[in-house]
Amino acid sequence: MNILIIGSGGREYAIALKLKNEKNINLYFAPGNGATSRLGENLKIKDFYELAKFAKQNDIALTIVGPEVPLSEGVVDIFKKEGLLIFGPSKAAARLEASKAYMKDFLARNNIKTARYLNTDDKEKAFKFIDTLSAPMVVKADGLCAGKGVIIANSKEEAKEVVSDMLSGASFGDAGKFVVVEEFLDGFELSFFAICDGENFVSLPVAQDHKRLLDNDEGPNTGGMGAYAPSPLASKELIKSVEEEVVKPTLKGMKNEGSPFCGVLFVGLMIVKNEPYVLEFNVRFGDPECEVLMPLIDGNLSEILLNAAKGELKPISLKDEFAVGVVMASKDYPYKSSPKAKISVLNDVKDAHIAYAGVSEQGGEIYADGGRVLVCVATAKSIKEARDRAYELCENVKFYGAHYRKDIAWQALK
Ligand code: AMP
Ligand code: GLY
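Here is what the cut-offs are and how they apply
- Residues numbered from 1 in each chain as written.
- Chains lettered and ligands numbered in written order.
- Predicted model: local features only at pLDDT ≥ 70, side-chain atom pairs only at ≥ 80, totals over all residues.
- Heavy atoms only, no water.
- Helix = DSSP H or I, 4+ residues; strand = E, 2+ residues; numbered from the N terminus.
- Rg over C-alpha atoms; globule rule 2.2 N^0.38 Å.
- Contact = heavy atoms within 4.5 Å.
- Areas by Shrake-Rupley, 256 points an atom, 1.4 Å probe, with all protein chains shown as cover.
- Lys, Arg positive; Asp, Glu negative; His and termini not counted.
- Charge placed at Lys NZ, Arg CZ, Asp CG, Glu CD.
- Pairing = 2+ DSSP bridges.
- Phe/Tyr/Trp six-rings, centres within 6.5 Å; stacked < 30°, edge-to-face > 60°.
- Lys NZ or Arg CZ within 6 Å of the ring centre and 35° of its normal.
- Core = buried A, V, L, I, M, F, W, Y, C linked by side-chain atoms within 4.5 Å.
- Buried < 20%, exposed > 50% of the residue type's maximum accessible area, 1.4 Å probe, protein only.
- Salt bridge = Lys/Arg side-chain N within 4 Å of Asp/Glu carboxyl O.
- Near = heavy atom within 4 Å.
- Polar contact = N/O pair within 3.5 Å; in protein donor to acceptor, adjacent residues only side chain to side chain.

Caption draft 1: Spatial organisation of the overall build of the protein. Per the secondary structure count, the protein includes 13 helices and 27 strands. The globule rule puts the C-alpha radius of gyration for 414 residues at 22 Å, and the 21 Å found for the protein is close to it. Structurally, the protein occupies a C-alpha span of about 60 × 45 × 45 Å along its principal axes. Nonlocal contacts in the protein, meaning residues at least 24 apart in sequence, comprise 67% of its contacts between residues at least 6 apart. Accessible surface computed for the protein: about 17800 Å², of which carbon and sulfur atoms make up 48%. Averaging the locations of the 52 positively and 58 negatively charged side chains of the protein gives two centres separated by 1 Å.

Caption draft 2: Looking closely at the environment of E199. Looking at the element boundaries, E199 is found in the loop between strand 10 (188-197) and strand 11 (201-203). For the pair E199 and G10, spaced 189 residues apart in sequence, the C-alpha separation works out to 29 Å. In contact with E199, not counting residues within four places along its chain, are L251 and K255.

Caption draft 3: Quick peek at the sheet that holds strand 25 (residues 365-368). With antiparallel pairing, the three strands of this open sheet are ordered in space as 21-25-24. What marks the edges here is a single partner per strand, and that holds for strand 21 (341-342) and strand 24 (359-362). Relative to strand 25, strand 21 is paired through two bridges, and the arrangement is antiparallel. Bridge pairing in strand 25 places K342 opposite Y367.

Caption draft 4: Highlighting the packing of aromatic side chains. Under the criterion given, the structure shown has six aromatic pairs. Between Y28 and F54, the ring centres sit 5.3 Å apart and the planes meet at 70 degrees, which makes this aromatic pair edge-to-face. Of this pair, Y28 sits in strand 2 (residues 26-31) while F54 sits in helix 2 (residues 48-57), and the two are 26 residues apart along the sequence. Aromatic ring contacts, followed pair by pair, group F193, F266 and F285 into a single cluster. We note R95 situated over the ring of Y102; from NZ or CZ to the ring centre the distance is 4.2 Å. Across from the ring centre of Y367, 5.6 Å away, lies the NZ or CZ of K340, which sits over that ring.

Caption draft 5: View of the nonpolar core. I343 and L374 are the most contacted members of the largest nonpolar core, which has 72 residues in total. Considering every element that reaches this core, the biggest residue donor is strand 26 (residues 372-380), with seven residues. Beyond its immediate chain neighbours, meaning those up to four positions away, I343 contacts Y356, V359, I366, Y367, A368, V373, L374, V397, K398 and F399. Residues L4, L107, C196 and L265 belong to the second largest nonpolar core, which totals 48 residues.

Caption draft 6: Up close: the pairing of strand 4 (residues 60-65). In terms of burial, strand 4 is largely enclosed, as five of its six residues are buried. Where strand 1 (residues 2-7) lies against strand 4, five bridges are found, and the strand directions are parallel. Bridge assignment links I5 to a residue of strand 4, and that residue is I64. By the bridge criterion, two bridges tie strand 4 to strand 5 (residues 86-87) in an arrangement that is parallel. Across the sheet, residue T63 finds its bridge partner in strand 5, namely I86.

Caption draft 7: View of the side chain of T36. Along the polypeptide, T36 turns up in the loop between strand 2 and strand 3 (41-42). Judged by its relative accessible area of 1%, T36 is buried. T36 has contacts with Y13, F29 and N42, leaving out every residue within four places of it along the chain.

Caption draft 8: The pattern of salt bridges, seen in detail. Taken as a whole and assessed by the stated rule, the structure comprises 24 salt bridges. Close ionic contact of D174 with K177 constitutes a salt bridge, the shortest N to O distance being 3.2 Å. Under the relative-accessibility criterion, D174 is labelled exposed at 64%. Look at K177 and you get partly exposed, because its relative accessible area is 40%.

Caption draft 9: Spatial organisation of the side chain of D209. Among the structural elements, D209 can be located in strand 12 (residues 208-209). Despite its burial, D209 pairs with no opposite charge; the closest candidate is K211, at 4.5 Å N-O. Leaving out residues up to four positions away in the same chain, D209 has contacts with S191, G223, G224, M225, G226, A227, P288 and E289.

Caption draft 10: Local environment of the site of ligand 1. Around ligand 1 sit 15 residues, and of these K140, E182, L185, E189 and E280 come closest. At a separation of 3.1 Å, an oxygen atom of ligand 1 approaches a polar side-chain atom of K211. E280 places a side-chain nitrogen or oxygen 3.0 Å from an oxygen atom of ligand 1. In the complex, 88% of the free accessible area of ligand 1, which totals 470 Å², lies under the protein chains.

What follows is the structure in structure tokens.
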């Protein structure tokens, strides 16, 4: 079976690696990275219509979309119009991630718990709402900002300054010309993933990401420095309430509103006094969460995603194991781009592997060539063992300037 994967990160590499466990899978990537070319063929085609043409001419049985940008640009709609099977939400359904204001109003309309908020492009209204909140409070740019459009303000004055900079276009361009102001929720965060077919869903193990650059959750925000799953912080009861109070009403609401949701619904949750509040929706796998989820799925991923794309999702089974993934980043990440650096792997580690992300290939060697370079992933019967193995692999991966957090999964092990 020929499968096309759209994207170029560690998430797409992890999906590919999982698919490679199956027999008779040929992979194509658009555009892929310096290591995906070892798992299949990297394509240079960027235009979605051209890509759909390629898919038709090359018997692509399924296309899987990794990142949010092509989804919000409507790649799924274009492929579907051509009669092609594609796993991911339509442009309309992708608004759950592409517009935070749309997402908040959707939650409110469907009685799904979220922080008290105001959506506006009017500075005076924003200021008035800020005056009703107590610090800290949160200001979010409406549009896609690669995970950077959320500011936690420590005073009303700071929040007003952030709002002014966003609305004027100074801080996030057009993405910030509409804002969400909301109350701060104090709790712990979990990432909940459901594979959806428009009507039904299957839940994946609950994961935890580590967004801050440094140990003890210090330093600036990043795209994510490591993840693990399943998290013992997610009790059976909590999972049940997320399914009943968030995922089900979301799928029902999206269907009723004419945009049934097919693809990965990634719910960013804040758990406050054991109750799940939605911080955000993403309409795709998280990165690096995907890298730890893929090894935990039992059975053929191609079958699961094909069924979902057809609207015929079936129950799936999960391995009774834990996975831990540690991101190794380049020298100056996340501040500025770093010089290219050759990657060497000294020794393999049992039940551990590398998911390559920001890398390029030259003369048969793989080079660090991006911010988050790769993820060392390990699986085991306990989180501690998986974590130890992942770190053992990190110690065996060498490139100039490499750095990584040393405390991934701390919340599960404290
Ligand atoms: P988002 O992209 O909306 O998930 O926001 C990015 C990060 O900002 C989240 O992972 C949280 O750590 C934090 N955050 C967002 N909204 C809130 C909130 N209302 N209260 C507390 N923290 C928040
Ligand atoms: N790891 C968070 C994200 O993919 O948005």
